[in-house]
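Now for the letters of each chain:
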Amino acid sequence: MTVRRRWSPAGLALAAPTAFFVIGPLGFLVWMGLAQERADFLERARDLDLLMVVGQVALLATLTTVWACALGVPLAWLTVRTDLPARRLLHWLAPLPLAIPPYIGALVYQILLAPGGMAPRLLGTGSLPVSLYSVAGAAWILGLFTYPYPYLLVSGALERTNPALEEAARGVGLSPRHVLTRVTLPLLRPSLLAGALIVFLYGWADFGVVSLLRVRTLTTIIYEYVQGTLDWALPAALSVLLTAITILVLLLQLRALGRARYTQIVGAAKPAPRIALGAWRWLAFAYAWGVLTLTLLLPLGVLGYQVSRLPASDMGAFLLTQWPYFVNSLWTAVAGASLALVIALGIGWLEGRGLSRSVSGLFQVGYAIPGTVLGLGLAGFLHATLPWIYGTPLALIVAYLVLYITPAYQAVKAALAQLHPSIEEAARSLGRGPLAAFRAVTLPLIKPGLVAGWLLVFVLSMRELAATLIVRPPGFDTLPVRIWIHAMDVGPEPRAAALALALVLTIALPWSLLLSRRLRGISPSV
Amino acid sequence: MELLALDRVTKRYAPDRPPAVDALTLTVEQGEILALLGPSGCGKTTTLRLIAGFEVPDSGRVVIRGATMAGPEGWIPPEARGVGIVFQDYALFPHLTVAENVGFGLHHFGRTARQERISQILELVGLGSFARRYPHELSGGQQQRVALARALAPAPALILLDEPFSNLDADLRAQMREEVERILRNTGTTGIFVTHDQEEAFTLAARVGVLNEGRLEQLDAPETIYHHPATLFVAEFVGAADFLPGLVTPYGIVTELGVVANTGAWKIGEKVKVMLRPDDITFVPSSVGDGMIIRRDFRGSETLYCIRLPSGHRVHSSQASSSLYPNGTRVRAEVHLIHVVTFPA
């Protein structure tokens, strides 16, 4: 007699190690953070001007959110619901800037806007009236390279909205303007909120951009402490603060959405009629291409131009020396993505067979931890418990696993949700055991979703900087780490640009594959 | 020979809810076609899933061909039961061709034996020329046939059909019903199908089991179910029925519409309900009649009248479609009962 278990041995075998690596680092930080004298901590917090720093990070995250939504939301509406010229091309191009990590964006705009950069020289002035090295400058960069999050979520929601809802509103006598304010926008609320939230938390937890632009935030203070001193208490306390506010924001989002339902998907709903922009269409056209110029065309052009300034032979010799770092990035990202996908698949599959949902719930926690915090927590935790992992590239793979198993899990769940349980039952009734049925039927059918999930985690791991910087073993640099070190030590010179271009091109291929696989429903984060 | 036996099988999904299947006992003979009929939520699909092995019973025993599939001594997984299933949504494998779908259960066969069996079965269901198509390239009726062929290919002892015709258009439904019956009888396959459609159950099955809230209310030939319903639920669920109160007297059971025979051996003085089917009641228009037509439903082959009696009770009468009386017509209703069915009041 088989007994239904909430926790099968296989489920435990998969969930326990991952849970260990999620809970462990956080627990370690909380423990370290609480270990110090309260008075002592307050005094040091005053020395650091901690309140001012927190306020500054909050301002940065808010500005970033407003700026990213201002770029992404109108663009989503224009490409999905209006007769904007070349809207298909724009719709395909708009998410591509996600292939440019914001720290590379910072590098690009340093080349362009820093004192003595291309723009000031072109204008014949030494520097610009607003410095790039400020909260406003960091928000400018972060907004430019995170706007695809609100864009993807809002355009996806606009595509899914049943036009019959808007027609019903017209039918009861609402004017087109009232339909927009009372039906369309309220229906977009959750996706708008979700997109804004991703950007806000990105700005809140960013390390790459603010470090390059010399803006003091919680993450840069944590990193300075980790590098400079052997003192764990203060960075641990700051990490707990950083994570606590992150989780608070996530909980607020859950509350804000409440119990109302917003999805209204009808199988054969016809697409909504496009709104004719009339004379406005060329202004809208200029706006759309303006956004893409700032976020995609200009960065690629600047990087390309910067690379071309160095003689080809020098560049070749330089890139050859950097080859090991590229290999480091590649294999750790491949290993991280593969491991995350296998575990996510195991959990997703077992969840359909009675595994408690608290397992996947646990992983969402890992997703909410800022990279800097996870790096610090994991380094300390591994050092204390598994020293044979600490100081090896395995630690990096564990970091990628904890940070990105959630998107892998979401991709697996989305793929499995497409399958009616009767498909697998049919295979069982035809004489296949559970594993044989999975191999013969389920696996081939969910393969596209698995490939998409793998590519997503691969891209995210390839570009990860903050956790990698702290967790990597001495001498084991990845491409993002090399780019960051170059840009910090030497500045945005041609060699850094060459590495950045190499990384962008490596990411761009799988990323555009993902987009063409119509993965737009899944929200990749940080 | 007894092919399937369920012995007091009980399945409960949640401890605080009534069981989905409650001490169900029934047997199915080799080659028989049995229908399980009942409203949604009556436990008929759960019963199928218990037989197939997708659910584990809390207690009781499932026996197929004398071997215990589920019971105190153990549980056999679905893949080892040799039970074919046709799912309501067909559950065809979209990444496999028709031939590969049909051959899916033949993985123990040799290559040539498999090919032969596939073409044989596809001929049987009339899809010989569709072997290389994919499921999405077929019509609903063709998909259904593939699902049936796939389930039949490994020559299962028993085939289960879960609302097999509910996804088909009405005209196709009647055609597929005949075809499925022909195929099952030609192959000598024992079949159990569940449905909420009594017409489907009556035309296809030799015996019909009526389920209500997880319990088997009656298991009998269709005629018996209709004319001699064992319970009030069966009487109401199968076919239309009205009930008139009656008083048992030495001369028979006295009702508002006359006296009917006391076939139920009720004691004198007892109060009962007498079941009246629409075809048990006729009426003649009469200016002194005390009934009144209050509703007329034209149904094509028949016209159904609703008549209000002086007591306020309503009865229905089925008449030829050529019969036309407007609402408000005064009538005298008469009862012609061949089968007297009574229940305690």
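Residues numbered from 1 in each chain as written. Chains lettered and ligands numbered in written order. Predicted model: local features only at pLDDT ≥ 70, side-chain atom pairs only at ≥ 80, totals over all residues.

Some words on the overall build of chain A
The line we're drawing: A helix here means a DSSP run of H or I that spans at least four residues, while a strand means a run of E at least two residues long, and both kinds are numbered starting from the N terminus. Partly exposed residues are those falling between the two cut-offs: more than 12 but fewer than 20 other C-beta atoms within 10 Å of their own, whereas 20 or more means buried and 12 or fewer means exposed, with C-beta atoms placed from the backbone. Think of it this way: build a C-beta for each residue from its backbone, and any pair within 7 Å is a contact.
On a plain count of helices and strands, chain A comes out with 23 helices and zero strands. Among the 526 residues that make up chain A, the fraction classed as buried is 45%. Of all intrachain contacts in chain A linking residues separated by at least 6 positions in sequence, the fraction that spans at least 24 positions is 83%.

Notes on the environment of Pro135(B)
On the secondary structure map, Pro135(B) appears in the loop between helix H3 (111-124) and helix H4 (140-152). Apart from the residues within four sequence positions on either side, Pro135(B) is in contact with Leu92(B), Pro94(B), Asn101(B), Gln143(B) and Val146(B).

Looking at the interface of chain B and chain A
Of the residues lining the interface, 20 residues belong to chain B; the matching set on chain A comes to 17 residues. Elements represented by at least two residues in the side of chain B that touches chain A include exactly strand S6 (74-75) and strand S7 (83-86) of chain B. A total of three residues in the side of chain B that touches chain A trace back to one element, the largest contributor, which is S7(B).

Focus: the confidence of the model for chain A
All names here are of chain A. Spelled out, the test is: Predictor confidence is given residue by residue as pLDDT, running from a minimum of 0 to a maximum of 100.
When pLDDT is averaged along chain A, the result is 85, and 92% of the positions lie at 70 or above. Ranking the elements of chain A by mean pLDDT puts helix H16 (residues 358-368) last, at 74, and helix H7 (residues 135-146) first, at 96. Predicted confidence is poor over residues 1-5, with pLDDT under 50, and the contacts of this stretch with residues over four places away or in other chains come to six contacts.

Comments concerning the sheet that holds strand S5 (residues 67-71) of chain B
Residues and elements named next belong to chain B. Definition in use: Whether two strands pair comes down to DSSP finding at least two bridges between them.
Pairing is antiparallel across the open sheet formed by five strands, whose spatial order is S2-S1-S4-S5-S6. At either margin of the open sheet sits one strand with a lone partner, and together these are strand S2 (21-29) and S6. The pairing of strand S1 (residues 2-11) with S2 spans six bridges and is classified as antiparallel. Each residue of the ladder has a partner; that of Ala5, found in S2, is Thr27.

Concerning the nonpolar core
Formally: Throughout this description, the term nonpolar core refers to a group of buried Ala, Val, Leu, Ile, Met, Phe, Trp, Tyr and Cys residues whose C-beta atoms join them within 7 Å.
One finds Leu107(A), Ala340(A), Ala344(A), Ala399(A), Ile405(A), Ala408(A) and Val457(A) to be the most contacted residues of the largest nonpolar core, which totals 151 residues. Counting residues per element, this core draws most heavily on helix H18 (residues 393-417) of chain A, at 17 residues. If near-sequence neighbours (up to four positions away) are discounted, Ala408(A) is found in contact with Ala340(A), Leu341(A), Ala344(A), Gly453(A) and Val457(A). Core analysis: the next-biggest nonpolar cluster, separate from the first, contains 92 residues, Val441(A), Ala20(B), Ala70(B) and Leu257(B) among them.

So, helix H22 (residues 479-489) of chain A
All names here are of chain A. Burial in H22 covers these residues: Leu479, Pro480, Arg482, Ile483, Trp484, His486 and Ala487. Contacts made by the buried residues of H22 are with helix H5 (102-113), helix H11 (208-212), helix H15 (312-351), helix H21 (466-471) and helix H23 (494-516). One or two positions beyond H22, positive phi appears at Gly491, with a value near 105°.

As for the environment of Gly346(A)
All names here are of chain A. Counting through the fold element by element, Gly346 comes out in helix H15. Given 19 C-beta atoms within a 10 Å radius, Gly346 is considered partly exposed. Taking the C-alpha atoms as reference points, Gly346 and Leu292, 54 residues apart in sequence, are found 39 Å from one another.

Brief notes about the packing of helix H19 (residues 421-429) of chain A against helix H20 (residues 434-462) of chain A
All names here are of chain A. Threshold: With axes taken as lines fitted to C-alpha atoms, and helix axes fitted only over the stretch in contact, angles between N-to-C directions fall between 0 and 180 degrees. Working definition: roughly parallel below 35 degrees, roughly antiparallel above 145 degrees, roughly perpendicular at 65 to 115 degrees, and oblique for all remaining angles. When the near helix sits turned anticlockwise from the far one by under a right angle, the crossing is termed left-handed; a clockwise turn instead gives a right-handed crossing. Following the grouping adopted for this structure description, the nonpolar residues are Ala, Val, Leu, Ile, Met, Phe, Trp, Tyr, Cys and Pro, the charged ones are Asp, Glu, Lys and Arg, and the polar ones are all others, Gly among them.
Orientation of H19 relative to H20, taken along the N-to-C sense of each, is 135°, at an axis distance of 9 Å. In terms of axis orientation, H19 runs oblique to H20. Like other packed secondary-structure pairs, H19 and H20 cross with a definite hand, here right-handed. Counted together, Ile423, Glu424, Ala427 and Arg428 of H19 and Ala437, Ala440, Val441 and Thr442 of H20 form the full contact between these two elements. Among the residues making up the contact of H19 with H20, the classes are represented as five nonpolar, one polar and two charged.

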